[in-house]
Amino acid sequence: MKKFLQQTLASFLGSLASLSLLALLSSGGLFILIVVLLSMSSTPKIENQSALVFNLNSQISDYQRESDLNSLLGGNNTENLTLRDITYAINKAAEDKRISVLYLDGSRGNLITGYASLTEINNALEKFKASGKKIIAYNVSAGEQDYFITSIADEIILNPMGGMEMNGLASSQLFFASALQKYGIGVQVVRVGKYKSAVEPFILDNYSPESKLQTQDLIDDLWNSYIENVTNNRDLKAGEINNIADNKGILQASEAKNLKIIDQIKYEDEIISQLKTITNSENEDNFRKISIKDYITANPEETSSSNQIAILYVEGTIVDGEGRIGEVGGNRYVAEIRKIRQNDDIKGVIVRINSPGGSAIASELILRELQLTAKEKPVVVSMGDVAASGGYWISTAGEKVFASNNTITGSIGVFGLIFNVEDIAQNNGINNEVVKTNKFADLGNGFAPKTDAELSVIQQGVDQVYDLFLERVSKARNLPIEKVAEIAQGRVWSGQAAQKIGLIDEIGGLDKSLEYLNEKLELNNNYQLISYPEKRSWQVELINQLSGAKLNSNLTDKETLLKMIWEENTELQLREILRNPHQIYSILPYKLNIK
């Protein structure tokens, strides 16, 4: 039935597209269609003395996001850029005589991405500035993330009505234990690792001492790295930044200028006039400019070499099966890695990980394929903003592991989360009775709490997976298993801390891992980058969603509240956990929420 529905809907979409095209042509729209097609195929032109414009309100990801139905229908005008798009364009523009200035444009909104990604962007900005070209940054209002990279600019400008947030970093967590108890939902936990606190929101009402300690250490590391970056870029001292964070928090434009956090206070039209002068376009309506996306279209990376380096982007929560758009499906990635291994033109592989983890089984399947690939061609790992739990599990395939100072990694631990609805069912007149052949036949029954014997069975599975995790890390990192057990326990580490304890090899971003492979393979910069996995379209998602769709009846107030709670914790993919309550997970110890 599912295949039939997929084929029928696919046929319908194709027919609809054909009818639309026919209607367009029959209504005299042929000329319009030709004009549109020609405009779509035209290559952007880069004029002399142009400004490269980096829209800070861009959606930044490691891999070019697949087209999903929500983004298609949502009308979101935010520009989508990959991290490599940004760093490649800035590095290329530093050598491009047609580009005279880089404009960091914060007029349309603020940056929202991780500090590891920002560090890689900052490194590219340093190279651009070293070329002797000017960087100008403008914000209407700015947060810490904006200032992390705009602090390198030759001139930092803030709107007169704008403000500057500089109040430090904080991480918050929702706890639901009392709410679940109130609504009659039972929770039982099996886990290994005293810091593996992904389960704590469901069994506690506050941080455990261990979880609070690791969170504090992590945000302290990130904040210290932030201060180091800002003070390197500006004539400021660490004490001055902390003083602002402790006593001000938010600076008005005039205060920011007096404290030398920014250089100028101007309106956007004044910035445009300034950029017109720099680009020698005073007599034009606007300054000569080109966006990062258009600049890449006009200056694509060389693709003529027969030597290929594959970049496998492991971005998102790791799940079993094919996975949806934005997820790392174990089966799907196994197939993609086999394609890489079987392609003789691919000389080396970079596994770029930006994942909080997820299914332990899927993580092991992906690791296995990477290990087989590493026997035929070198495999290195580049960690992005987050490479933890299952993400770290996968990283043990790399002969060399690179991470940023600000990467969040580690979380070597395993847990199982078991819900039961016995109380809420009985309170509403629902009784569950089981007839079984064997003692553990109803292990998957969610209408009763697990017995000690049943919990023991599940705990054995968790212990087995944890022991395997330790073994994988011990072998990959050449550490005694006792040492791994000591630094594991589900604890998260910053990249700089992870290097000190031997969990990563070098501090550096994606470019550093490329340099390593280029030198190891003796390619002399003669290589072509190929990205994996293959992208999927919103049409595929639509068919999958409709073929598995379920109609929801009207929800009661209690059900609505619980639904909101589950969806509030999307990092844990709680809906999947509820569907597979005995699955074993290796995922970050909490929903990462640092602001």
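Residues numbered from 1 in each chain as written. Predicted model: local features only at pLDDT ≥ 70, side-chain atom pairs only at ≥ 80, totals over all residues. Heavy atoms only, no water.

### Here's the deal with unusual backbone geometry
At step 1: Omega for the bond connecting Tyr 532 with Pro 533 falls within 30 degrees of zero, at 5°, which places this linkage in the cis form.
At step 2: Here Pro 533 is to be found in the loop between strand 23 (528–532) and helix 21 (538–547).
At step 3: One non-glycine residue with positive phi stands out, namely Gln 49, at about 60°.
At step 4: Its identity is not glycine, yet Ser 389 carries a phi of approximately 55°, on the positive side. (Helix = DSSP H or I, 4+ residues; strand = E, 2+ residues; numbered from the N terminus.)

### Regarding the packing of helix 8 (residues 209–233) against helix 9 (residues 238–247)
Each pair of packed helices gets described by two things: the angle between the helix axes and the distance between those axes.
At step 1: With their axes 9 Å apart at the nearest point, helix 8 and helix 9 run at an angle of 120° to one another. In terms of their interaxial angle, helix 8 and helix 9 are classed as oblique. Remark: the crossing between helix 8 and helix 9 carries right-handed chirality. Two secondary-structure elements touch here, helix 8 through Trp 223, Ile 227, Val 230 and Thr 231 and helix 9 through Ala 238, Ile 241, Asn 242 and Ala 245.
At step 2: Tallied by class, residues from the contact of helix 8 with helix 9 come to six nonpolar, two polar and no charged. (Axes fitted to C-alpha atoms, helices over the stretch in contact; angles between N-to-C directions. Parallel < 35°, antiparallel > 145°, perpendicular 65-115°, else oblique. Left-handed = near helix turned anticlockwise from the far one by under 90°. Contact = heavy atoms within 4.5 Å. Nonpolar A, V, L, I, M, F, W, Y, C, P; charged D, E, K, R; others polar.)

### Some points on the sheet that holds strand 6 (residues 155–158)
At step 1: Strand order across the open sheet formed by six strands is 10-6-5-4-1-11, with parallel pairing between neighbours. The sheet is open, and its two edges are formed by strand 10 (264–265) and strand 11 (289–291), each paired on a single side.
At step 2: Here helix 4 (residues 83–95) sits on the sheet in contact with strand 1 (50–55) and strand 4 (99–106), set at roughly 160° to strand 1. (Pairing = 2+ DSSP bridges.)

### Things to note about the nonpolar core
At step 1: Of all hydrophobic cores here, the largest spans 59 residues; its most connected members are Phe 54, Ile 121, Leu 125, Tyr 147, Ile 149, Tyr 226 and Ile 261.
At step 2: Here this core gets seven residues from one element, more than from any other, and that element is helix 4.
At step 3: Sequence-distant contacts of Ile 121, that is, excluding residues within four places in its chain, are made with Phe 54, Ile 60, Leu 83, Ile 86, Thr 87, Ile 90 and Ile 149.
At step 4: Leu 312, Val 314, Tyr 392 and Ala 498 belong to the second largest nonpolar core, which has 50 residues in total. (Core = buried A, V, L, I, M, F, W, Y, C linked by side-chain atoms within 4.5 Å. Buried < 20%, exposed > 50% of the residue type's maximum accessible area, 1.4 Å probe, protein only.)

### Observations concerning the confidence of the model for the protein
At step 1: A residue-level look at the protein finds 80% of positions with pLDDT of 70 or above and a mean pLDDT of 83.
At step 2: Looking across the protein, the model is least confident in helix 23 (residues 574–579), with a mean pLDDT of 46, and most confident in strand 18 (residues 401–403), with 98.
At step 3: The low-confidence segment residues 21–27, where pLDDT is below 50, has six contacts with residues more than four positions distant or belonging to other chains.
At step 4: Ignoring residues within four places in sequence, the model shows residues 547–555, a span with pLDDT below 50, making six contacts including any to other chains. (pLDDT = per-residue confidence, 0-100.)

### Digging into helix 9
At step 1: Inspection of helix 9 places Ile 241, Ile 244 and Ala 245 among the buried residues, and these make up the whole buried set. Take helix 9 and look down its axis: the buried residues cluster within an arc of 95°, on one side only. Relative to its buried face, helix 9 has exposed residues pointing more than 90 degrees away, namely Gly 239, Asp 246 and Asn 247.
At step 2: Looking at the buried residues of helix 9, the elements they touch are strand 7 (163–166), helix 8 and strand 9 (249–252). (Arc of directions from axis to C-beta.)

### Here we look at the pattern of salt bridges
At step 1: In total, this model carries 22 salt bridges according to the counting rule given.
At step 2: The closest approach of N and O atoms between Arg 352 and Asp 62, which form a salt bridge, is 2.9 Å. Here the residue Arg 352 occupies a position in strand 15 (residues 346–355), and Asp 62 occupies one in the loop between strand 2 (59–61) and helix 3 (69–74), the gap between them amounting to 290 residues.
At step 3: Classification of Asp 62 by relative accessible area gives buried; the value is 4%.
At step 4: Notably, a salt bridge pairs Glu 369 with Arg 341, separated by 3.0 Å at the nearest N-O pair. Taken as a pair, Glu 369 in helix 14 (residues 360–374) and Arg 341 in helix 13 (residues 330–342) lie far apart in primary sequence, 28 residues in all. For the pair Glu 369 and Arg 341, one class covers both residues: buried.
At step 5: Through salt bridges with shared partners, one network takes in Asp 62, Glu 120 and Arg 352. (Salt bridge = Lys/Arg side-chain N within 4 Å of Asp/Glu carboxyl O.)

### Describing the environment of Asp 235
At step 1: With respect to the secondary-structure elements, Asp 235 resides in the loop between helix 8 and helix 9.
At step 2: Residues Asp 235 and Lys 260, spaced 25 residues apart in sequence, show a C-alpha to C-alpha distance of 8.0 Å.

### Details of the packing of aromatic side chains
At step 1: Following the criterion strictly, the structure yields eleven aromatic pairs and no others.
At step 2: Ring geometry for Tyr 103 and Phe 287: centres 6.1 Å apart, planes at 85°, overall edge-to-face. Linking Tyr 103 in strand 4 with Phe 287 in the loop between helix 11 (268–278) and strand 11, this pair joins segments that are 184 residues apart in sequence. Like Phe 287, Tyr 103 is buried. (Phe/Tyr/Trp six-rings, centres within 6.5 Å; stacked < 30°, edge-to-face > 60°.)

### Observations regarding the pairing of strand 1
At step 1: Extensive coverage of strand 1 is indicated by the burial of six of its six residues.
At step 2: Of the two faces of strand 1, both are covered, the one formed by Ser 50, Leu 52 and Phe 54 as well as the one formed by Ala 51, Val 53 and Asn 55.
At step 3: Alignment of strand 1 against strand 4, held across six bridges, turns out to be parallel. Its bridge partner being in strand 4, Ala 51 is matched across the sheet by Val 101.
At step 4: Of the strand pairs in this sheet, strand 1 and strand 11 are connected by three bridges, and their pairing is parallel. By the bridge assignment for strand 11, Val 53 is matched with Ser 291.

### A few points about the environment of Thr 150
At step 1: Structurally, the position occupied by Thr 150 is in helix 6 (residues 144–150).
At step 2: Measuring from C-alpha to C-alpha, the distance between Thr 150 and Asn 122 comes to 8.6 Å, with 28 residues separating the pair along the chain.
At step 3: At a separation of 2.8 Å, a polar atom in the side chain of Thr 150 contacts the main-chain carbonyl oxygen of Asp 146. (Polar contact = N/O pair within 3.5 Å; in protein donor to acceptor, adjacent residues only side chain to side chain.)

### Observations concerning the packing of helix 4 against helix 5 (residues 115–130)
At step 1: Between helix 4 and helix 5, the shortest axis-to-axis distance is 8 Å and the interhelical angle comes to 10°. Taken together, the axis directions place helix 4 and helix 5 in an arrangement best described as roughly parallel. Between helix 4 and helix 5, the contacting residues are Leu 83, Ile 86, Thr 87, Ile 90, Asn 91, Ala 93 and Ala 94 on the first element and Ser 117, Glu 120, Ile 121, Ala 124, Leu 125, Lys 127 and Phe 128 on the second.
At step 2: By residue class, the composition of the contact of helix 4 with helix 5 is nine nonpolar, three polar and two charged.

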